Structure formats: C-alpha cells, structure tokens
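# Observations on chain architecture
The lines below spell out each chain.
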Amino acid sequence: MAKPRRAAMAAHTSRRPHNLRERARLVLVVKFQPLIWRTFLLILNCNMMRSNANCGIRFKHTLVRDAAYASLVKSRRVHLHAAIASALEQRFPEIVQTQPETVAHHLTEAGLIEKAIGHWLQAGKNASLRSANLEAIAHLERGIELTSRLPADKSRDRSELDFQLVLGPCLVATHGPAASTAVATFARARELCERLGEPPEYLQVMFWLATVSVVRGELPQALEAVAALLSAAEARGDRPALINATRGRAMILFFLGRIVEARQAIERAVEMFGASEEVDRVAARAAGQDAGVAMLALMSWVLWALGQVDEAVARMGAALERADAVQHAHTHAYAWYYASVLHTLRGEATIAQAYAERCLAISEQHGFRQWLGLSRAIRGICAAMLDTSGSRLDEVKAALDEYQRAGYQLGITAQFVLVCAALLFRNEAEAALELIDHGFSIVSRNSERCFEAELYRLKARALLMRGASDAEAESLLDQALRIARSQQARSLELRATTELARLWINQGKRAEARNVLAAVYGRFSEGFDTRDLKEADALLVQLQ
C-alpha cells in the first residue's frame, strides 16, 4: 500500500485535481486501506454516480454493481457511508452546498438521521429554486419519512413542518392545489402548525387551504376563509400573507362577478406589493407563483371586463416583464395562460395561440398538470377560430373534461364562453347550447358569475341560429344586459348591446338600435382596434 499511497500524495501536492472522481480518490486512497478503498469505489458508483455522471467509474451492468454492493455486510456499509459523508463534509464543501442530496444519502445510509434531515431539506430547497419540482418532491418526501424516526416531540413537528412548507409550492406547481396529494400536505401542515401553537407559517398554510376552495369553485366559502386570513395577517403584521390574501380576495370577487370590488382589491394588492421589501415579495411566492406577476395578470382580466381593454394589455405586459425578470417556471406558465385568455377575449387569436403554446410547452417540461389542460384548450380554441376547417374543438372539450375530472372548477365558465364563440363561428349551435347549459349549471352551483352575461348572449345567438323566435332571443339579451350593467362589465355590455342592435335592425327598429349601441360605444375611450369595438363601429356606420 505504501507505493500507491506515496504516488497519490505526490500527485496531490503536484497539481490540483479537476474533477470529483480524482479529488475523492486522492482523499480516500490516503485515508482507507485497500479493501475499504475498493469498497468505497463500489459505493461511490452505486450512489454518487446518480447525481453526477463524472463521479467515479461505471459498471457495465447494474446487476454487477448491485451484487458488489450487496456483498458488503451491513456494518461495513454503515461505516463506509459515514466515512464518505465525513470526507465530503470536511474536504468538499462545494459538493455539500450544491449537491446536498449526495451527503444526505450517505448520512441516511449511515443511520445519522438528524444530520441527514437537514441535508434533505436543503436539497429540496435547491431543487425547488431551480423549478426542478419533481426532484424537490422526491428529496422532501425522503426527509419527511426520516423525521418520523425522530422522538415524538415539538422538535420533530417543527422539522417536519419545515419540509411541508417547501413541499407545498412544489405540489401546487406540479399537481395543482386541488390534487389529493397537495390537499393532504396542506392539511398535515395545518395540523403541525396547530400542535406548534400556530407559528408564523400558519397563515401561509391557511392561504393554501383557501386556494383549494377557490379552485374547486367553492367561492362563497373561500371568500369567508380569505376574510379571516386577512384579519389574522393584519393582526400579526405578516406582509407576505397579507399580499396573498388581498390578491386572493380580488380573484374570488372577480369570479363572483363583483368586478368593481375586485378592481379595488387588486389595486390594493399591487400597491402593497410595490411598497414591500424584496424579502417579503419572495416569501409571498410560497403561494406557488410570484405574487406580483399573478396580481398584474388578474388585473388585466378585470380591466378588460370593465372596458379598459388597452390598459389591460399594458398590465399584462408588466406581468410578463416581471415573469421574465424572476425566472420562475411556474410563474411563467401562470402568466402565459392569463395572457392567452386575455388576447382571446380581445379577438386576437394568433397572439393568444402563441401564449398558449408557450404555456403548454413549459407545463409539459415541468409537469404543471393544472395548466396542461387549460393551455391545450386555449390553443385548440384559437386554432378553430383561425381555421374553421379543422377539428381541434374535440381536443378542447377533452382537455376541459380532464381539467374538471381532476377537481378543478375555477374559471371554467370563461373557457366555455370561448369555446361556444368558436362553435358558433363554425355554425355548431347544438354543441354550443349543450356547453352553455353546462355553464349555467356551474353558475348556479358555484356562483361563478363573471361571464354569466356572456352565457346569456351566446345562448340568444345560438337559439336564433336554430330558428328560435326574436322574442325569446331578446329576453335572453335583456338578461345579459341587466347582468353586465349590474357588474359594470362594459366589455360584456357592449357585446350584448351589439347583439341586440342586430336583432332590432332585422325587426326594422333602426333608431332604437342606433341609440342603444351609440350610448354604450360612446363610453369607451380605448380599444378601438379590437374586434368588439370594430364590429360595434361598423354597425353604427350602417345605421347612420
């Protein structure tokens, strides 16, 4: 052994090794006897090679590798894993920092549970920061399993809660907040918080649980939960929780059809976010996406509904700019989906389709299940609008069915409205009516009323295409106008008014049609290059 050892030491003093394999060998050839060193190479190959392809040698067949590792007695394995972990911690701090899962593995196999837990937690955090959510989930679940081996006390509860708090956003991104795995994590985190006397993180957990109610379409219940969360966040002075609760309330109000209140709430959230320290902005991202991007994206929908259709694009642009700045994959998916819907509402199918494609691509790359179906649906809707000869609407309905089967209800009426518009564009009135009736059932069950006026307008158009009486259609359009006006949803009011004006023109009531349409059109100060305002303007020119 003396000659190899001297050679290794000479090499170590003559030059600095350039890769982990050489550096590990130099340290451990000096430290261990030949048998132990050969065993170390087997362990290195069995374990560390999975993290870094440049570490050590490779066996030609995994069965050979596994047999070599299995040939070691358990006590020898434990001893060697502990030695490897110690060598890494003492000699290679950069590995401990960048690949804590490697150290965690060896500590776990050595039975050094408490030390391993900290490294598994850091590994989960590192992976989540890279948006490697599936990798993060694996590390965090391994750590959670290890915490169960600790003595049952508050220290163990605190340790497990630390894991659950990192795990939550990863599950929101990959599985969606309504998935059973995510809900179970949130419930467990709440239980741990209650056992620990409701620590500061308790408010974040309560926001997750409120989000579950939101995406399941339980809007009135969610509004109550968020109101309680707002009070608690204000009482505790918890800025991140206050930011998320305020924007969460704005989202619920919007989908309930209380659009003016939603605007007030989202403006407060934007102001609060802008006045916050960066540490609080980052902490608010525990909701699953960047709060600044999310609130600007929601504001774009709110402004569009209120008739500020160009300002909506400006706010969406700000959201996209911030998403590019924070470079957080799930935030990008969130922003691109909202942008795709906004531009579809504006009648800009080509732009919308491009955003849907981007959302779909990043969702497939990172496994963002919540956005997969939604982005596929928008892509199909836009394709159908751009090419009436295609059959992409079957793909749309399949994607929406999958979205609902997964437990999601939020925003589904917006999708139905967009699909129905595409169906009517292709003269498929029966299919549109079936979807509209489904939309009304959701409105009745979930109180999701933000696009209720559109459902009435589209039903009137579909019935007219099928030969219904003008009186029946006019009654539906009156209902659409009543709802849009009560919500101050000027964009929806313009659409219903344009539809009503066309109906009155066919009845010879040209003066009435001109007066009602001119009154609504005249309240717009922007968006004159969008489809809705162009159609209204063309109709007014026809009525002159």
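Calculation criteria
- Position numbers for residues count from 1 along each chain, tracking the sequence in the order it is written.
- pLDDT decides what is reported in this predicted model: residues at 70 or higher carry local features, side-chain atom pairs at 80 or more are listed and counted, and totals for whole chains, interfaces and linings draw on all residues regardless.
- Hydrogens and waters are ignored; side-chain quantities use all the structure's heavy atoms.
- Fitted lines through C-alpha atoms give the axes, limited to the stretch in contact for helices. The angle between two N-to-C directions lies from 0 to 180 degrees.
- Only DSSP runs of H or I covering at least 4 residues are called helices, and only runs of E covering at least 2 are called strands; the numbering of each starts at the N terminus.
- In this scheme, roughly parallel covers angles under 35 degrees and roughly antiparallel covers those over 145, while 65 to 115 is roughly perpendicular and the rest are oblique.
- Take the far helix as the reference: if the near one is turned anticlockwise from it by less than a right angle, the crossing is left-handed, and if turned clockwise, right-handed.
- Contact between two residues is taken to exist if any of their heavy atoms lie within 4.5 Å; hydrogens are not considered.
- Here the nonpolar group is Ala, Val, Leu, Ile, Met, Phe, Trp, Tyr, Cys and Pro; Asp, Glu, Lys and Arg are the charged ones; every other residue, Gly included, is treated as polar.
- Between the first and last residue of a helix there are one fewer steps than residues, each counted as 1.5 Å, and that sum is the expected span.
- In plain words, nonpolar cores are sets of buried Ala, Val, Leu, Ile, Met, Phe, Trp, Tyr and Cys residues tied together by side-chain atoms within 4.5 Å.
- Partly exposed describes any residue whose relative accessible area lies between the buried limit of under 20% and the exposed limit of over 50%, with all areas from a 1.4 Å probe on protein chains only and scaled to the type maximum.
- Side-chain rings of Phe, Tyr and Trp (the six-membered ring for Trp) are treated as a pair once their centres are within 6.5 Å; stacked means planes under 30 degrees apart, edge-to-face means over 60, and tilted covers the remaining angles.
- For a lysine, the NZ atom is tested; for an arginine, the CZ atom; a charge sits over a ring if that atom is within 6 Å of the ring centre and within 35 degrees of the ring normal.
- Within a predicted model, pLDDT stands for the predictor's per-residue confidence, ranging from 0 to 100.

Interhelical geometry of helix 7 (residues 100–109) versus helix 8 (residues 113–129) gives an angle of 155° and a closest axis separation of 8 Å. Taken as axis vectors, helix 7 and helix 8 run roughly antiparallel relative to one another. Regarding helix 7 and helix 8, the two cross each other, and that crossing is left-handed. Of the residues in helix 8, those touching helix 7 at Pro 100, Glu 101, Val 103, Ala 104, His 105, Leu 107 and Thr 108 are Ile 113, Lys 115, Ala 116, His 119, Trp 120, Gln 122, Ala 123 and Asn 126. Among the residues forming the contact of helix 7 with helix 8, the class breakdown is 8 nonpolar, 5 polar and 2 charged.

Let us now look at helix 18 (residues 309–326). For helix 18, built from 18 residues, the straight-helix expectation of 26 Å at 1.5 Å per residue is met to within 8% by its first-to-last C-alpha distance of 26 Å. In this structure, the buried side of helix 18 is in contact with helix 15 (259–274), helix 16 (278–283), helix 17 (291–305), helix 19 (329–345), helix 20 (349–366) and helix 27 (490–506). Following helix 18 by one or two positions, Gln 327 adopts a phi angle in the positive range, close to 50°.

Counting 140 residues, the largest nonpolar core has Phe 254, Trp 304, Met 316 and Tyr 337 as the members making the most contacts within it. Of the residues forming this core, the biggest block, 13 residues, is contributed by helix 17. Residues Ala 85, Ala 136, Leu 165 and Leu 209 belong to the second largest nonpolar core, which totals 40 residues.

Helix length check: helix 8, at 17 residues, gives a terminal C-alpha distance of 24 Å against a target of 24 Å (1.5 Å per residue), a fit within 8%. For helix 8, the set of buried residues is Ile 113, Ala 116, Ile 117, His 119, Trp 120, Leu 121, Ala 123, Gly 124, Asn 126, Ala 127 and Ser 128. Taken together, the buried residues of helix 8 touch helix 5 (74–91), helix 6 (93–98), helix 7, helix 9 (133–147) and helix 10 (154–174). Just downstream of helix 8, Ser 131 is the residue with a positive phi angle, here 65°.

Here we take up the environment of Gly 143. Topologically, Gly 143 is positioned in helix 9. For the pair Gly 143 and Gln 122, spaced 21 residues apart in sequence, the C-alpha to C-alpha distance is 9.9 Å. Those residues in contact with Gly 143, other than ones at most four positions away along the chain, are Ile 117, Trp 120 and Phe 163.

Under the defined criterion, the tally for this structure stands at 13 aromatic pairs. Ring geometry for Tyr 337 and Trp 371: centres 5.3 Å apart, planes at 40°, overall tilted. Within this pair, whereas Tyr 337 is found in helix 19, its partner Trp 371 is found in helix 21 (residues 369–386), the two being separated by 34 residues in sequence. For Tyr 337, a relative accessible area of 5% gives the class buried. Classification of Trp 371 by relative accessible area gives buried; the value is 4%. Among the aromatic residues, those joined into a ring-pair cluster are Phe 254, Phe 255, Trp 301, Tyr 334, Tyr 337, Tyr 338 and Trp 371. Lying over the aromatic face of Phe 524, Arg 490 brings its terminal NZ or CZ to 6.0 Å of the ring centre.

Further remarks concern the confidence of the model for the protein chain. Taken as a whole, the protein chain shows an average pLDDT of 87; of its residues, 86% reach a score of 70 or greater. For residues 1–38, every residue scores under 50 in pLDDT, and the model assigns this stretch 41 contacts once sequence neighbours within four places are set aside. Contacts of residues 45–60 to residues separated by more than four positions or lying in other chains number 38 contacts, the stretch itself having pLDDT below 50.

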